[in-house]
Amino acid sequence: MVVGADEAGKGPALGPLVAGAVRAAPADLPAGLDDSKQLPAARRAELAAELREHPGISVATAVVAPARIDAPETDMNSLGVAAQAEAVAAVATDGDDVVADAADTDESRFGRRLADTVAGSGVEISVTAEHGADEAYPVVSAASVVAKVERDRRMDAIGEQHDRDVGSGYPSDPTTRAFLESYVGEHGSLPDCARATWATCEDVLAAAEQSGLSEF
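Nothing here was measured: the structure is a model prediction, and the numbers come from that model.

Thresholds applied
- Residues numbered from 1 in each chain as written.
- Predicted model: local features only at pLDDT ≥ 70, side-chain atom pairs only at ≥ 80, totals over all residues.
- Heavy atoms only, no water.
- Pairing = 2+ DSSP bridges.
- Helix = DSSP H or I, 4+ residues; strand = E, 2+ residues; numbered from the N terminus.
- Axes fitted to C-alpha atoms, helices over the stretch in contact; angles between N-to-C directions.
- Contact = heavy atoms within 4.5 Å.
- Parallel < 35°, antiparallel > 145°, perpendicular 65-115°, else oblique.
- Left-handed = near helix turned anticlockwise from the far one by under 90°.
- Nonpolar A, V, L, I, M, F, W, Y, C, P; charged D, E, K, R; others polar.
- 1 Å grid on protein atoms, 1.4 Å probe; cavity = no way out; pocket = protein on both sides within 12 Å on 5 of 7 lines; lining within 4 Å.
- Points joined across faces, edges and corners; volume = space filled by probe spheres on them.
- Expected span 1.5 Å × (residues − 1).
- Buried < 20%, exposed > 50% of the residue type's maximum accessible area, 1.4 Å probe, protein only.
- Arc of directions from axis to C-beta.
- Polar contact = N/O pair within 3.5 Å; in protein donor to acceptor, adjacent residues only side chain to side chain.

**Re the sheet that holds strand β2 (residues 17–24)**
No. 1: If you walk across this open sheet you meet the 5 strands as β3-β2-β1-β4-β5, and the pairing is mixed. With partners counted over all chains shown, the strands left at the sheet margins are β3 (58–64) and β5 (126–130), one partner each. Between one strand axis and the next, the sheet turns by 20° as a mean value, whatever way the strands run.
No. 2: Two elements, β2 and β3, share 7 bridges in a ladder whose sense is antiparallel. Looking at β3, one finds that Ala-21 is bridged to Ala-60.
No. 3: Sheet strands in contact with helix α4 (residues 107–119) are β4 (97–101) and β5, and its direction is about 145° off that of β5.

**Some words on the packing of helix α1 (residues 41–53) against helix α6 (residues 138–162)**
For any two helices packed against each other, one specifies the crossing angle of their axes together with the interaxial distance.
No. 1: Orientation of α1 relative to α6, taken along the N-to-C sense of each, is 115°, at an axis distance of 9 Å. Considering their axes alone, α1 and α6 lie roughly perpendicular with respect to each other. Read as a crossing pair, α1 and α6 show a hand that is left-handed. Facing Arg-44, Ala-45, Leu-47, Ala-48, Leu-51 and Arg-52 of α1, the residues of α6 in contact are Ala-142, Val-145, Val-146, Lys-148, Val-149 and Asp-152.
No. 2: Its residues assigned to classes, the contact of α1 with α6 comprises 8 nonpolar, no polar and 4 charged.

**Remarks on the layout of surface pockets**
No. 1: If you add up the space inside the largest pocket, you get close to 290 Å³.
No. 2: Lining the largest pocket are 17 residues, and of these Glu-7, Ala-8, Gly-9, Lys-37 and Asp-134 lie nearest its centre.
No. 3: It is strand β1 (residues 2–8) that contributes the most residues to the lining of the largest pocket, 3 residues altogether.
No. 4: For the lining of the largest pocket, the class distribution of residues is 4 nonpolar, 4 polar and 9 charged.

**Remarks on α4**
No. 1: Taking 1.5 Å per residue, 13 residues should reach 18 Å; α4 reaches 18 Å between its end C-alpha atoms and fits that length.
No. 2: Among all positions of α4, only Phe-110, Gly-111, Leu-114, Ala-115 and Val-118 are buried. Looking straight down α4, one finds that the buried residues subtend no more than 130° of arc, so they occupy a single side. Facing away from the buried surface of α4 by more than 90 degrees, the exposed residues are Arg-112 and Asp-116.
No. 3: Measuring from the backbone nitrogen of Ser-108 back to the side-chain oxygen at the start of α4 gives 3.1 Å, which picks out Asp-106 as the cap.

Below, the structure written as structure tokens:
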């Protein structure tokens, strides 16, 4: 058995960061796994369902809300460790080998921090952390798929809450930008699903304020 860990949603201006962990025997993993970004949404959903339904595979996710992401005392590297550690701790057992997609420029540092954080929950593991692990290791691809499907589900829920398409949440997505501009124009503030400290959100607020001043 080996455990894979990865996260989705590190860079968006909307929605949570979601980490996924999958514990499986390599032979039990479904065919066609890849980095979740390389797979169509429908295929990701199929794979995630296969992983969750397999009796010999354990799956877990951990969610970091925008408010926690915006907290001044934290940073994205630490949140990546915390999220992956929570997901890994939910599926791992003592002595497991964990392969993680490193959410830090320093792979070794990320691996050490992940192992130490999981150990704090009472589970002793060994960690191999690499950049691009979601492309090189099927079990990490599986974790990537699980994380992405859960984040997409939560983005869909945000859209339903606001009764409109909010897009992917990424700053480059014009649908996301249009939603933010519309919401701020109507309410004068950002929605709870927004990462207020992200430049995109700050820009939308500043533009709305400037527009309001120009009316006087």
